[in-house]
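Spelled out from the first residue to the last, the chains are:
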Amino acid sequence: MSTPLRVAVLGCGVVGSQVVRLIKENGADLAARIGAPIELAGVAVRRLDAPRDVELADNLITTDAAELVTRADVVVEVIGGIEPARTLILSALENGASVVTANKALLAEDGATLFEAAEKAGRDLYYEAAVAGAIPILR
């Protein structure tokens, strides 16, 4: 069996909870497409006690996003805003993770820095959801 692809999700609001749900519900299909099982490395949140639209095991939920991005292969950032999103994305890239973001504000303000960091790290930075929702037009 292949080494699992560890996915970390930053944020578990409306968008983040649905990303987690889709990973959980479609894990087998996604694994078949990429040739490796998908493992949810963790979900970073601001408040542990906030209500969520998805069930998460206690060992998957954390308020330590900075630590979480150091142990993932792919980081999905859906917290929005400039900081701490920029710092977390840069850290993820530096630690060898590829990143998917839906953060329009950050891409508009500092996209060049993020793409430079991704290139330097030899990792991917994807952002289609930040531009056109579920319409795959940028490839």
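Here, every reference points to the structure presented above.
Keep in mind the model is a prediction, meaning the values are calculated, not measured.

### Some details on the sheet that holds strand 2 (residues 38–44)
Spatial strand order, 3-2-1-4-5-6: 6 strands in an open sheet with parallel pairing. For this open sheet the edge positions go to strand 3 (61–62) and strand 6 (125–126), each flanked by a neighbour on one side alone. Relative to strand 2, strand 1 (residues 5–10) runs parallel, the two being bridged by 6 bridges. In the sheet register, Leu-10 faces strand 2, and the bridge partner there is Ala-44. Set on the sheet, helix 3 (residues 85–94) makes contact with strand 1, strand 4 (74–77) and strand 5 (98–101); between it and strand 5 the angle comes to about 150°.

### Observations regarding helix 4 (residues 104–121)
An α-helical turn contains 3.6 residues, so any two residues separated by three or four positions project in the same direction. With 18 residues, helix 4 extends only 22 Å from end C-alpha to end C-alpha; this falls clearly short of the ideal 26 Å at 1.5 Å per step. Asp-110 marks the point of greatest bend in helix 4, at about 90°. Buried residues of helix 4: Leu-106, Leu-107, Asp-110, Gly-111, Leu-114, Ala-117 and Ala-118, and no others. Once helix 4 finishes, Gly-122 follows within two positions and takes phi at roughly 70°, a positive value.

### Notes on the nonpolar core
Of all hydrophobic cores here, the largest spans 23 residues; its most connected members are Leu-10, Val-75, Val-99 and Leu-114. When contributions to this core are tallied by element, the ones reaching two or more residues are strand 1, strand 2, helix 2 (65–68), helix 3 and helix 4. It is helix 3 that provides the largest number of residues to this core, a total of 6 residues. If we skip the residues at most four places from it in the chain, Val-99 touches Val-75, Ile-89, Ala-92, Leu-93, Asp-124, Leu-125 and Tyr-126.

### A word on the pattern of salt bridges
Following the criterion strictly, the structure yields 7 salt bridges and no others. In this structure, Arg-6 engages Asp-73 in a salt bridge whose closest nitrogen and oxygen atoms are separated by 2.7 Å. You can see Arg-6 sitting in strand 1 and its partner Asp-73 sitting in the loop between helix 2 and strand 4, a full 67 residues away along the chain. Residue Asp-73 is classed as partly exposed on the basis of its relative accessible area of 22%. The shortest N-O distance in the salt bridge between Arg-86 and Glu-109 comes to 3.6 Å. Separated by 23 residues along the polypeptide, Arg-86 in helix 3 and Glu-109 in helix 4 bring together distant segments of the chain.

### Considering the side chain of Asn-103
Within the secondary structure, Asn-103 sits in the loop between strand 5 and helix 4. Exposure remark for Asn-103: the relative accessible area of 3% places this residue in the buried category. Among the polar contacts listed, one links the side chain of Asn-103 to the side chain of Glu-77, at a separation of 3.4 Å.

### Here's the deal with the environment of Glu-83
Within the secondary structure layout, Glu-83 lies in the loop between strand 4 and helix 3. Overall, the relative accessible area of 43% leaves Glu-83 in the partly exposed class. Sequence spacing of Glu-83 and Leu-56 is 27 residues, and the spatial spacing of their C-alpha atoms is 25 Å. Looking at Glu-83, its side chain comes within polar contact range of the side chain of Arg-86, at 2.9 Å.

Parameters at a glance
- Residues numbered from 1 in each chain as written.
- Predicted model: local features only at pLDDT ≥ 70, side-chain atom pairs only at ≥ 80, totals over all residues.
- Heavy atoms only, no water.
- Pairing = 2+ DSSP bridges.
- Helix = DSSP H or I, 4+ residues; strand = E, 2+ residues; numbered from the N terminus.
- Contact = heavy atoms within 4.5 Å.
- Axes fitted to C-alpha atoms, helices over the stretch in contact; angles between N-to-C directions.
- Expected span 1.5 Å × (residues − 1).
- Bend = angle between axes of the 7 residues up to and from the residue.
- Buried < 20%, exposed > 50% of the residue type's maximum accessible area, 1.4 Å probe, protein only.
- Core = buried A, V, L, I, M, F, W, Y, C linked by side-chain atoms within 4.5 Å.
- Salt bridge = Lys/Arg side-chain N within 4 Å of Asp/Glu carboxyl O.
- Polar contact = N/O pair within 3.5 Å; in protein donor to acceptor, adjacent residues only side chain to side chain.

Purely geometric numbers; function is a separate question.
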